[in-house]
Every structure is written in C-alpha cells, then in structure tokens.
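The primary structure of each chain is shown beneath.
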Amino acid sequence: MSDAPKPLPTSLAANPRLSRWLRFTPQGQVVVSPGKVEIGQGILTALAQIAADELDVEPARVAVRAVATPDSPDEGVTSGSLSVQNSGVALRHACAEARGIFLQVAAQSSGVALDALRVEDGEFLGPQGRVGSYWELADRDLLDCDATPGSRAKPPAARRVAGRSAPRLDLPDKVFGRPRFLHDQRPDGLLHARVIRPPARGARLLEAPASALPPGVTLARDGSFLAVLAESEHLAETAARKLEAACRWQEADTLPEEAQLAEWLRAAPDPMETIAERQDAAGDVAQHAEAGFFRPPIAHASIGPSCAVARWDGERVEIWSHTQGPYNLRMDLAKALRMAEEAILVRHVEGAGCYGHNGADDVALDAALAARAAPGRPVRMLWTRAQELGWSPFSSAMLVEVSAGLDASGGIAEFAVEVTSNGHSSRPGRGSLPTLLAAPDLADPFPQPPAINHGLQRGGGAQRNAVPIYRVPKLRVALKTVTAMPLRTSAMRGLGAPVNVWAIESVMDQLAAMAGADPLEFRLRHLDDARAAEVLRVAAEMAGWRGRARAEGVGMGMAVARYKNLGAWCAVVAEIEAAEVIRARRIWIAADMGEVVNPDGAANQLEGSAIHATSQALKEAVRFDRRNVTSDSWESYPILRFSEVPAVQVKLVERPELPPLGAGEPAFGPTVAAIANAIRDSLGVQPRVMPFTPENLATAPAV
Amino acid sequence: MVSFTLNGAPVALDLPEGMPLLAALREGAGLSGPRFGCGAETCGACHVLVDGRSTPSCAMPLGAVAGRDVTTVEGLGSEAAPHPLQAAFLAEQAGQCGYCLSGILVSAAALLAANPRPDEAAVKQALDPHLCRCGSHNRIVRAVLRAASQMAGEHA
Ligand code: FES
Ligand code: FES
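A quick note: this is a predicted structure, and the numbers were derived from the prediction, not measured.

Trainee: Any chance you could break down the domain arrangement of chain A for me, citing the residues and the numbers?
Mentor: Residue and element names in this part refer to chain A. Along its sequence, chain A is carved into domain 1 (10–169), domain 2 (182–251 + 301–391) and domain 3 (398–424 + 460–697). The straight-line distance from the C-alpha centre of domain 1 to that of domain 3 is 38 Å. The partner domain 3 presents 19 residues to the 21 residues of domain 1 that form the contact. Summing the contributions of domain 1 and of domain 3, the shared interface buries around 1300 Å²; its carbon and sulfur component is 47%. Taken as a group, Ser81, Gln85 and Gly163 account for 32% of the area that domain 1 buries against domain 3, more than any other trio of residues on that side. Where domain 1 packs against domain 3, one counts 2 salt bridges. A salt bridge links Glu595 to Arg159, with the nearest nitrogen and oxygen atoms 3.2 Å apart. Secondary structure elements with two or more residues in the side of domain 1 that touches domain 3: α2 (43–55) and α3 (83–110). By residue class, the composition of the side of domain 1 that touches domain 3 is 9 nonpolar, 9 polar and 3 charged.

Trainee: Got a sec to walk through the interface of chain A and chain B? Specific residues and values, please.
Mentor: In this complex, chain A contributes 57 residues to the contact, which on the side of chain B involves 51 residues. Buried area between chain A and chain B, both sides added, is near 4600 Å², and the carbon and sulfur share of it is 55%. For the interface between chain A and chain B, the tally reads 6 salt bridges. Arg139 of chain B is the partner of Asp600 of chain A in a salt bridge, and the nearest nitrogen-oxygen pair spans 3.1 Å. Across the contact surface, chain A and chain B share 30 residue pairs in polar contact (both at pLDDT 80 or more). Those elements that provide at least two residues to the side of chain A that touches chain B are α4 (171–175), α5 (233–246), β17 (379–382), α13 (599–618) and β24 (647–652) of chain A. The dominant element in the side of chain A that touches chain B, judged by the number of residues it contributes, is α13 of chain A, at 9 residues.

Trainee: Which residues make up the pairing of strand β21 (residues 554–562) of chain A, and what values do they have?
Mentor: Residue and element names in this part refer to chain A. Most of β21 sits inside the fold, with 9 of its 9 residues counted as buried. The alternating pattern of β21 places Val554, Met556, Met558, Val560 and Arg562 on one face and Gly555, Gly557, Ala559 and Ala561 on the opposite face, and all of these are buried. Inspection of the sheet shows β21 paired to strand β22 (residues 569–578) by 9 bridges, in the antiparallel sense. Each bridged residue has a counterpart across the sheet, and for Arg562 the counterpart in β22 is Trp569. In textbook terms, the turn of a hairpin is the stretch between consecutive antiparallel strands, and for β21 and β22 this stretch comprises 6 residues, one of which, Lys564, has a positive phi near 65°.

Trainee: Outline the domain arrangement of chain B, supporting the account with residue identities and numerical values.
Mentor: All names here are of chain B. According to the domain assignment, chain B contains domain 1 (2–73) and domain 2 (84–151). The C-alpha-based centres of domain 1 and domain 2 are spaced at 21 Å. Of the residues lining the interface, 14 residues belong to domain 1; the matching set on domain 2 comes to 11 residues. Interface area, domain 1 with domain 2, both sides summed: about 1000 Å², of which 59% is carbon and sulfur. Run the count over domain 1 and domain 2 and you get 6 residue pairs in polar contact (both at pLDDT 80 or more). Each residue belonging to the side of domain 1 that touches domain 2 can be placed in one class, and the counts come to 6 nonpolar, 7 polar and 1 charged.

Trainee: I'd like to hear about the sheet that holds strand β5 (residues 123–126) of chain A, residue by residue, with values.
Mentor: Strand pairing in a sheet takes place through backbone hydrogen bonds and is either antiparallel or parallel in direction. All names here are of chain A. Across the sheet, 3 strands lie side by side as β4-β5-β6; this open sheet has antiparallel pairing. The two strands at the open ends of the sheet, each matched to only one other strand, are β4 (118–120) and β6 (129–133). Strand-to-strand twist across the sheet, computed as the mean angle between neighbouring axes with direction ignored, equals 40°. Here β4 pairs with β5 via 3 bridges, running antiparallel. Note that in β5 the partner of Arg118 across the bridge is Leu125. Packing against the sheet, α3 makes contact with β4, β5 and β6, and its axis sits at approximately 50° to β5.

Trainee: Account for the sheet that holds strand β19 (residues 412–422) of chain A, with residues named and values stated.
Mentor: Residues and elements named next belong to chain A. If you trace the 5 strands from one edge of the open sheet to the other, you get β12-β20-β19-β18-β13, paired in mixed fashion. A strand with exactly one partner marks an edge of an open sheet, and here the two such strands are β12 (273–279) and β13 (287–295). Ignoring strand direction, the axes of neighbouring strands in this sheet form an average angle of 5°. Of the strand pairs in this sheet, β13 and strand β18 (residues 398–406) are connected by 9 bridges, and their pairing is antiparallel. Residue pairing across strands places Glu290 opposite Ser403, the latter belonging to β18. Together, β13, β18 and β19 form the strand contacts of helix α10 (residues 497–514), whose direction differs from that of β13 by roughly 150°.

Trainee: Can you tell me about the nonpolar core, naming the residues and giving the values?
Mentor: Counting residues in each nonpolar core, the largest one holds 95 residues, and the members touching the most others are Phe415, Trp502, Leu511, Ile589, Met593, Ile675 and Phe692 of chain A. Excluding residues that lie within four positions of it along the chain, Phe692 of chain A makes contacts with Trp502, Ile582, Ala617, Leu618, Val672, Ile675, Ala676, Ile679, Pro687 and Leu697 of chain A. If you look at the next biggest cluster of nonpolar residues, it comprises 62 residues, including Ile639 and Phe642 of chain A together with Leu112 and Val123 of chain B.

Trainee: Go over the pairing of strand β7 (residues 191–196) of chain A with me, naming the residues and quoting the values.
Mentor: Residue and element names in this part refer to chain A. A large share of β7 lies buried, amounting to 6 of its 6 residues. Residue alternation in β7 divides its side chains into two sets, Leu191, Ala193 and Val195 and His192, Arg194 and Ile196, and both sets are buried. Bridge analysis of β7 against strand β10 (residues 225–230) gives 5 bridges, and the strand direction is antiparallel. Paired with Val195 across the strands is Ala227, a residue of β10.

How each quantity is defined
- Residues numbered from 1 in each chain as written.
- Chains lettered and ligands numbered in written order.
- Predicted model: local features only at pLDDT ≥ 70, side-chain atom pairs only at ≥ 80, totals over all residues.
- Heavy atoms only, no water.
- Domains from an automatic or database assignment.
- Contact = heavy atoms within 4.5 Å.
- Buried area = accessible area lost by both parts, 1.4 Å probe.
- Salt bridge = Lys/Arg side-chain N within 4 Å of Asp/Glu carboxyl O.
- Helix = DSSP H or I, 4+ residues; strand = E, 2+ residues; numbered from the N terminus.
- Nonpolar A, V, L, I, M, F, W, Y, C, P; charged D, E, K, R; others polar.
- Polar contact = N/O pair within 3.5 Å; in protein donor to acceptor, adjacent residues only side chain to side chain.
- Buried < 20%, exposed > 50% of the residue type's maximum accessible area, 1.4 Å probe, protein only.
- Pairing = 2+ DSSP bridges.
- Axes fitted to C-alpha atoms, helices over the stretch in contact; angles between N-to-C directions.
- Core = buried A, V, L, I, M, F, W, Y, C linked by side-chain atoms within 4.5 Å.

Below, the structure written as structure tokens:
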C-alpha cells in the first residue's frame, strides 16, 4: 500500500468542500476563507502567500475572509503555534486542487492540452496565447466538490511567494489608525455596556439598586451577573462605577494564602500519575542533583481589554468577537444561553494580541447577556483594565520537581520530573459544561468545570515539554493535575513549557557543573536529536559562547527545547547583567521550524515571544488576597518596558522541504531557561522561584 | 460645546466637558486611532499630541483642550501621504497586533520634533510610558531611528 495517496491534511479532511476554503470573483479576486484567526501572529499574510503561490496569482489579488460561523471551515481554536501547520497546509492543498480543476475546464473548452497550459496571475495561457482565467470561470461553481487525497501542490523549489518575507497585510490599517479592531466597530444604533464583577471570587449578588443609576441607563441582571447599558460609552462607564459602589454582595474567603501557593499545590489530594517512563540499562548513580521550581500564576495582560458586540434578533443572536475559536465559542454560548447553536452567529473581528485564552470568550457571553436587555440593538461590551487583568483566565501556578543522577563517567544515568499544576485549558467547546466566566453567576447557574491538561500526544498542558529531549536511560515523568481551581486557569503561550523547560535546563546546567563540563558540550553529548543539536550550535555560535569573556556581574546562559516535543526546535542564549535587579541585555535565538512561509513574520514572532518571556521571567506574578486578585492594574502587574527590553537576534535554520511548524511559542521556554542559567552563571545561585526578582533570588540556593 | 483644533481643522464637540478626551475623540469625533487600554494613564495606547506634547487622553477631560491643538495618529499622515514614521514602521514591520502603535507613533512624532536625531537610549526613554505586550519594541525603536535619519536626509 506504499503508493496510496497521501491523506488529506487534517483541517481539509474535517472541512472537505473546496468552496468553503476559496472562491474567485469575476472582478479578479481570490477570496480565501481559513478557519484560523488573526491574533497578531500574521497568519492572514502567510495564508495569502500560500494561496498566491499555489494558484499563480499576484499576492495583491488574494483577500482573506475573517472566520464566521456557519460558513467558514471549522478549524477549532487558533492556538499552539498551529496556524500555518494546520490552515496553511490545508489551504495549500485546496488551492492546488482548485487550480487543477480550473485548468482542466480551460483545457476542455479550448482544446489545448492540459499540460500545455500554464497560469500567469490568474490568466490561463496556452502556446497560442490566452485561453481563459479564474475570473471568467468564477460563476461556474467549479469548487462545489470535495477535496481529494494526493498532493498536487508545487514542489518547494517552485514556490515564488511562500518562503520569502512579505509585509503584513494588516499593518497599514494599524499604523494609520484606521478602524480595524473589534473595539472600533460602530454599527448603527450601537449601545455601550459595562459589566460589574463581584468584589470576591464566587460572591453572590444580594442587591443592585436601580436607584443608583443615572437616567437613560438600562440594567441587565441574571442572578449575580450584572451589566449596564447606555447610549454613550462615558455614561455606561459612569453608571457602572455608581452601581458598583451601591451593590451588596455575599462574599467569603475562597483563595489560598498567596505565600503558601506552592505548599497548597503540593498538598492537593489529586494523584501523581506517571506519563512517560524508560528503564534502560544505566551506570550506577555517582552524583545526584535535586531541585524544585515554582512559578506563580501569570496573566495574559493583553494591551486592549476584551470586547464583544452582540445583537439579539428575536430568538437569534449575532456576536462579533476576537475569540480564538469562533465555533468553540458558539458551542459554549449555546450551552450557557440554553439555545441551539444554529441560532447563534459568531463573526471574528481582530482584537489586541491575546497570547492564549484571555477574556475574549468570556466577554462574548457578557455581551450576549447584556444585549438581551435591548433587543434589536447592537451592544458593545468592553472590559475595564482591572477586569482584563483580574478576571481573564490565568496561566496556572506550577511546581516542577526534578531529580537527576550522573554515572561515574559524568553521563546522565537518570532523570525524573514531577509536575504539579491546575489544568492549562478551560477553552470553550470541549466539555458538557460552558467554561465562560459568567455561566456560574446566572440565576440558573452552571458549575465551573476544572481546567484540563491534554495528553502528551496533543502536546500536553501542564506537562508540555516535561519530557527531556536528552538521552536518558532511566526516565520518569509524572503529572498531578490539581482539580480544585480557586483561580480560573487556561491556556497561555507555551502552557506548561516555560516552567518545564526552565526546570529541566536548569538541572542540566547543574549536572554539567557536577560533571565538570561546559553547558554546551554537556548538552551536545546527550543530544541524539540532530535538529536540536544544530539549533544549539547555531545559537552558541551567534552568541560567541565558546570565546565568551567573563565580566563581573554579567552572565550567559543557554537552553534548548523542541516545542511540545513535536513542534519546532529552538535554542536560546541569554546575556544578563546582575545589578540591583536582573537586566536581560541580549538574546540570541536559533530556530528550526521546517518550511517558513514568511521569514520576517516568523522572526517577528520569535523576537516578540522572547521579549514576552523575558517579561515573565523577570517581572510577572498574579497577586491575590483570600478573596480576589489584587494585581489588576499596570502598577500592580508590571510588564517589561522599552527601557528594559534586551536586544534580540534571530537566525532561522530553514528547511523548505519539511512541514511548517509554528513560530509563536518555541522560543518562550528556552528564553526563560536561558535567563535563569545566565543568572546562575553570574551570581552562582540557582533561581527556583519566578519571577527572578531580588526578593525571590535572595532565597535561591548556591549550587 | 468645546472648540479646539483637531488634526489641523477646527472642531466643536457638543459633549460634556468632563468626559474623557479619548471618549470624545472616538465617539464624538469618530476617530479610531487613539485606543483605550487602561483609562488610567498607565499604558500609552490613548496618547495624542496636545499642543505638540504627547499626552494620555484617557483621563484628561475634554474641557481641558478648549482652544488647543490636538493631533492623533490619523493627523500624522495617511496611506497616500504617510508621515516618515508611519512609512518607517511599515518598512521595519514594527508591530504585531498593532494595538499599541497609535500611541507610540504619536510619542515618536513628539520626540522627533523636539530632538531630530535621537539615539537609541533617547528613543527608549521617550517610549517608556508605552506598553507593548507583543514584544515589538526593538523593531519600533529601529523604525523611529530610521524615520529620524530619513527626515534628516530630506532636510539636509
Ligand atoms: S488608555 Fe490612556 S494610558 Fe492607557
Ligand atoms: S504590537 Fe501588540 S501590543 Fe504592541
């Protein structure tokens, strides 16, 4: 069966109808319709490049339609650095097949042999000249058929657009301040809404006195869900503040002591389950290392607060949202609103970068609930800064405990990793209960389901990258998913990877020191994965690792990982300066992501994620008291600023013949880890608590 | 009624004087460039030029700009006639989600007006009130420096 055609790409198999993916217009445009959404990662541009290449049209002819139910392909959630890997590969196949179908029709009607035809910017050319075009056949419904297996896509060497840097299609609007974000939508009859969240987690609303409202303001209440609607944004804001001050709630302590969070995780009664194990022959352990690593919860901290617009029309509701998964959101809206999915329309409009599952989905339910009070009118719900930082799902606090042993010759004999964490996904559309924030507040409430960790075959959640990529004869990796969830947790850039890569790579440096080896040599000695070794060598070369000079207060550290153990390979070298606080000075990144459709776009993602990771490593922690999150402003949740960002250099190890792997996350974990190792290099202590602030480093042991 | 100059043209907005300037610009004047990020003068997304100074508009009352000159990112330039900064941001592909860019462009314009040849440290200092969560900082700094050298070349 070796010559069976290659199966359809996953997204295409799930949505095989070609007309769902692309159509031509008589005016000379190609409209492609992916199931993935733009979240600042540049997917629209990469997809337009792929379509232009396979169809042989100029990129300017390609328009990318934002996802909308029910017509767009259902590609689930845009996450996990899978946009190009899923949508790009499916679209490439669909476009290649479409090109073939159109050429066949052109060959038949013109009498020119199929293999004598070529396409130039959408025109079909034979030896005697032009015989037609996509645009002339646009009305023939030629794509009302299903995709068939077997790849007709061009060989990599024939690509002219994909593989070269292309300017982002969305950037001009953003540089000229044009209305492009969901926040900018102003449909006729628009009402503005604000939601009032309880003063404590799980608090019940006892009284919301309508007498506190200024004239012209409408109240929307369902159980403990409370919102106000007004003709102007300013009025809605003022009214929300007044009402908030007048409300009475029943509240209680529900959160653990912040300072005891690591202990709380350790004490949770959930089982620690082995998820990877190896028992190969190994030498006796001659030296042993052990360390526990803790990271507090982390916020997505989007620059634009979450926003949604909703309009009820009888029994149907239309939602405009910057969700990462329009179909998934629709499923959970249907559950929470107790209505049929078909009665809900979700249209994607861009928001600010989200970096994972922030409040985008939650605010859509808030908008729908508020809009019920004003049937027929579009209602724009916008969260406040405090709500964005305080009520979006968080990346779970994590505890990672590592123990490892060297044999007498300085080789790794054993390595064990135990991960303790809440789940890393509360994304909608995956269980029987809605995961949306307001669902437990309704008069007829839904219990809040605990976040889950997907299995390793899907890249894992908390346990993502908990399996070392090194040659380890005796290996044990275990996961305890804590199901009690005092703070709602969900997916954020990298999921568990940043903490696991930090823990593993930190212990690798510890082992290297015990073996008397340079961190680079020690890693290379234990790497069988050639692509991992290659990126590590390239990053070390970029940073001048081997010839590095020692300077007082300056340190250099390295780390390498293969994202999810399934995705892109990435190595990072960081240089830090340890003064009053730790400053990241320079970051060098080498990445192997297989085929790269838009090299500058990929570099932009890697640079951005390294800066994001630096921010997390050095500054970020969600703070809370026994009742609620207290880090709900930019003062109490500081992130990295212009004056603090490191210089970042990126090198791509390009492999155009190999499948594309995403760029948004692979550098995140290695950056955190490289910074930690650079701190150890300069200060001689092993950072074990994030963020790497002076207070947390004060307790770091010398190892 | 509050009268002022907006992007070079006189406007009179019939809105409460105590309303934040940001809300007045977005709702009253129909602009989309100045963006809401925090409402507390802590993120930079809403910055506009008030008499040439880069100023957060989210907490400043509309009444405070009566008779003054306000410029938003829309007033810097357009696709047909971009400000050198806007052209440089496109050339450097300086941005990802882009939500922070309007405010940053406005502060960069104020910087270059006051200091036509800033060094990297001066650019970072001028942009320090602005948060960018996407990590586009280095590209943004390069873009500002590129615009500066381009503007200097044009006037040489
Ligand atoms: S919205 Fe004005 S500074 Fe953040
Ligand atoms: S580009 Fe997204 S916040 Fe700056």
